[in-house]
Amino acid sequence: MKRLLTIELQKIWKNRASRVLTLAYFILLTFIALIASIKFDLGVFKFHLAEMGIFNFPYIWHFNTYIASILKFFLAIVIVSMMANEYSYGTLKQNLIDGMSKKEFIQSKFLTVFLFATLSTVFLFILTLILGFSFSSFTEIDIVFADLDYLLAYFVKLIAFFSFCLFLGILVKRSAFALGFLLVWNIIEGVINGVLTFKVFPESTTAATITQFLPLQSMSNLIVEPFSRLSVVKNIGTQIGLENSKDYGISLFSIGIVLCWTAIFICFSYKILKSRDL
């Protein structure tokens, strides 16, 4: 495994674009800290995000994992390009000639996906602790680690999304087309969700029950938006008569769905590679 991972990391690091995107991703993660400095002072209206409690434990785990998951597209480009370059530069064929099996090739790609997800999760864990202890009003240990399951959901979400990108990279062979397909698929799921929600099942939760099994939607369901959880938002909702019944917890069922999709993506990636004449 170490040999396979070393080969993949060398390919990524020697590619300037992949190297820049990878570094940019981790640099952008640190920009979450800049949110604390956002202030608006317009006379009687004063707005300071840090004072709204977004960096309070345990809420910060929800907020940071949600924001960080938006940035995953930077590494998605790296994953797709990594696979596309195998075809463009002929390194895939050369690896197979040198004795690497197709199964080992897929294993090396998944190990890279796993490593990216692990490094992202550890990095976010450290960043969240730093921000939390710097700004949180609650620093008791039981409160600090109360919602740590959001990190697990974040990790699973990255694994699944990067596995999907790997599958698209193998299926389409060209990074631009693979990323385009990813965008198109996202639109398709949005259309399906809209039709089921507003046309077919407008007065029930049946649409959500069905769409939770779609790949991108299932990943999105792992970490729902955290903003309506803020007390100031809840107070505004109460004043205008809106009730919030949203479930913000991490569902093991949702994690199971996403893990199933991950297994499907990796399995089909191997089957496509195995059946394809290189």
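The numbering scheme is per chain: residues are counted from 1 as the chain's sequence reads. Residue-level local features of this predicted model are given only where pLDDT is at least 70; pairs of side-chain atoms are given and counted only at 80 or more, and the full residue set underlies all totals for whole chains, interfaces and linings. The basis for the side-chain values is all heavy atoms of the structure; hydrogens and waters are excluded.

A. Broad picture of the overall build of the protein. Per the secondary structure count, the protein includes 13 helices and two strands. Within the protein, the fraction of its 278 residues that count as buried is 42%. Contacts between residues were defined by any pair of non-hydrogen atoms, one from each residue, lying within 4.5 Å. Contacts spanning at least 24 positions in sequence make up 80% of the contacts within the protein whose residues lie at least 6 apart. In this description a helix means any DSSP run of H or I spanning at least four residues, a strand means any run of E spanning at least two, and both kinds are numbered starting from the N terminus. Residue exposure (1.4 Å probe, protein chains only): buried if accessible area is under 20% of the type maximum, exposed if over 50%, otherwise partly exposed.

B. Fine view of unusual backbone geometry. With omega at -5 degrees, the peptide bond leading from Phe57 into Pro58 counts as cis. Counting through the fold element by element, Pro58 comes out in the loop between β2 (45–48) and α3 (59–70). Of note in this structure, Lys173 is not a glycine but carries a positive phi near 80 degrees. Residue placement: Lys173 occurs in the loop between α8 (149–172) and α9 (175–200).

C. Structural context of the layout of surface pockets. Each cavity reported here is a set of points on a 1 Å grid over the protein atoms alone in which a 1.4 Å probe fits but cannot get out, each pocket an open set with protein on both sides within 12 Å along at least five of seven lines, and each lining residue one with an atom within 4 Å of a point. Grid points are joined across faces, edges and corners, and a volume is the space filled by probe spheres set on the points. Put simply, the largest pocket is a space of about 500 Å³. Along the wall of the largest pocket there are 16 residues; nearest its centre are Ala208, Gln212, Gln217, Asn221 and Val224. Listing elements by their share of the lining of the largest pocket, those giving two or more residues are α9, α10 (206–211) and α11 (215–222). Any residue outside Ala, Val, Leu, Ile, Met, Phe, Trp, Tyr, Cys, Pro, Asp, Glu, Lys and Arg is labelled polar, Gly included; the first ten of those are nonpolar and the last four are charged. Each residue belonging to the lining of the largest pocket can be placed in one class, and the counts come to four nonpolar, ten polar and two charged. As for the second largest pocket, its lining consists of 21 residues, of which Lys72, Phe73, Asn186, Leu216 and Ser220 are closest to the centre. At the level of elements, α3, α4 (72–88), α8, α9 and α11 are the ones that each hand at least two residues to the lining of the second largest pocket. Residue contributions to the lining of the second largest pocket peak at six residues, all from α9.

D. Up close: a nonpolar patch on the surface. Taken together, Trp13, Leu23, Ile27, Phe31 and Leu34 make up a surface patch of nonpolar side chains, about 520 Å² in accessible area. Tracing the sequence through the fold places Trp13 in helix α1 (residues 2–14). Like charges within 9 Å and nonpolar side chains (Val, Leu, Ile, Met, Phe, Trp, Tyr) within 5 Å are joined into patches, using only residues over 30% in relative accessible area that form no salt bridge. Here the open area of atoms and residues is found with the Shrake-Rupley method and a 1.4 Å probe, where only the protein chains shown may cover a residue. By convention in these notes, a salt bridge is any Lys or Arg side-chain nitrogen within 4 Å of a carboxyl oxygen on Asp or Glu.

E. Spatial organisation of the confidence of the model for the protein. In this model, the protein carries an average pLDDT of 85, and 88% of its residues clear a pLDDT of 70 or more. Per residue, pLDDT captures the predictor's confidence, and it can take any value from 0 to 100. The least confident element of the protein, judged by mean pLDDT, is strand β1 (residues 39–42) at 60; the most confident is α11 at 95.

F. Highlighting the packing of aromatic side chains. Side-chain rings of Phe, Tyr and Trp (the six-membered ring for Trp) are treated as a pair once their centres are within 6.5 Å; stacked means planes under 30 degrees apart, edge-to-face means over 60, and tilted covers the remaining angles. Within the structure shown, the criterion is met by 17 aromatic pairs. Taken together, a centroid distance of 5.8 Å and an interplanar angle of 90 degrees make the contact between Tyr66 and Phe227 edge-to-face. Of this pair, Tyr66 sits in helix α3 while Phe227 sits in the loop between α11 and α12 (231–239), and the two are 161 residues apart along the sequence. Looking at Phe227, the relative accessible area reads 36%, which means it is partly exposed. Taken together, the ring pairs in this structure connect Phe55, Tyr59, Phe63, Tyr66, Phe135 and Phe227 into an aromatic cluster.

G. Main features of the pattern of salt bridges. In total, this model carries three salt bridges according to the counting rule given. The salt bridge partner of Lys11 is Glu86, with a shortest N-O separation of 2.7 Å. Placement of the pair is Lys11 in helix α1 and Glu86 in helix α4, with a sequence separation of 75 residues. Taking relative accessible area as the criterion, Lys11 reaches 22% and is therefore assigned partly exposed. Among the salt bridges present, the one from Arg229 reaches Asp147, with a minimum N-O distance of 3.5 Å. With a gap of 82 residues between them, Arg229 in the loop between α11 and α12 and Asp147 in the loop between α7 (141–144) and α8 connect regions that are remote in the sequence. By relative accessible area, which is 16% here, Asp147 ends up buried.

H. Local environment of the nonpolar core. With 70 residues, the main nonpolar core has Tyr25, Ile32, Ile79, Phe161, Phe162, Phe164 and Met219 as its most contacted residues. Those residues in contact with Ile32, other than ones at most four positions away along the chain, are Phe55, Asn64, Ile67, Ala68, Leu124, Leu127 and Leu131. Among buried residues, those of type Ala, Val, Leu, Ile, Met, Phe, Trp, Tyr and Cys that are joined through side-chain atoms within 4.5 Å constitute a nonpolar core.

I. Local environment of the side chain of Thr262. Along the chain, Thr262 turns up in helix α13 (residues 252–275). Given a relative accessible area of 6%, Thr262 falls into the buried group. The residues contacting Thr262, other than those within four sequence positions of it, are Phe110, Ile159, Ala160 and Ser163.

J. Spatial organisation of α11. Taken as a whole, α11 has its buried residues at Pro215, Leu216, Ser218, Met219 and Leu222. Looking down the long axis of α11, one finds its buried residues gathered within 160 degrees of arc, a one-sided arrangement. The inward-facing, buried residues of α11 contact α8, α9 and α13. Picture the helix axis, draw a direction to every C-beta atom, and the arc is the one those directions span.

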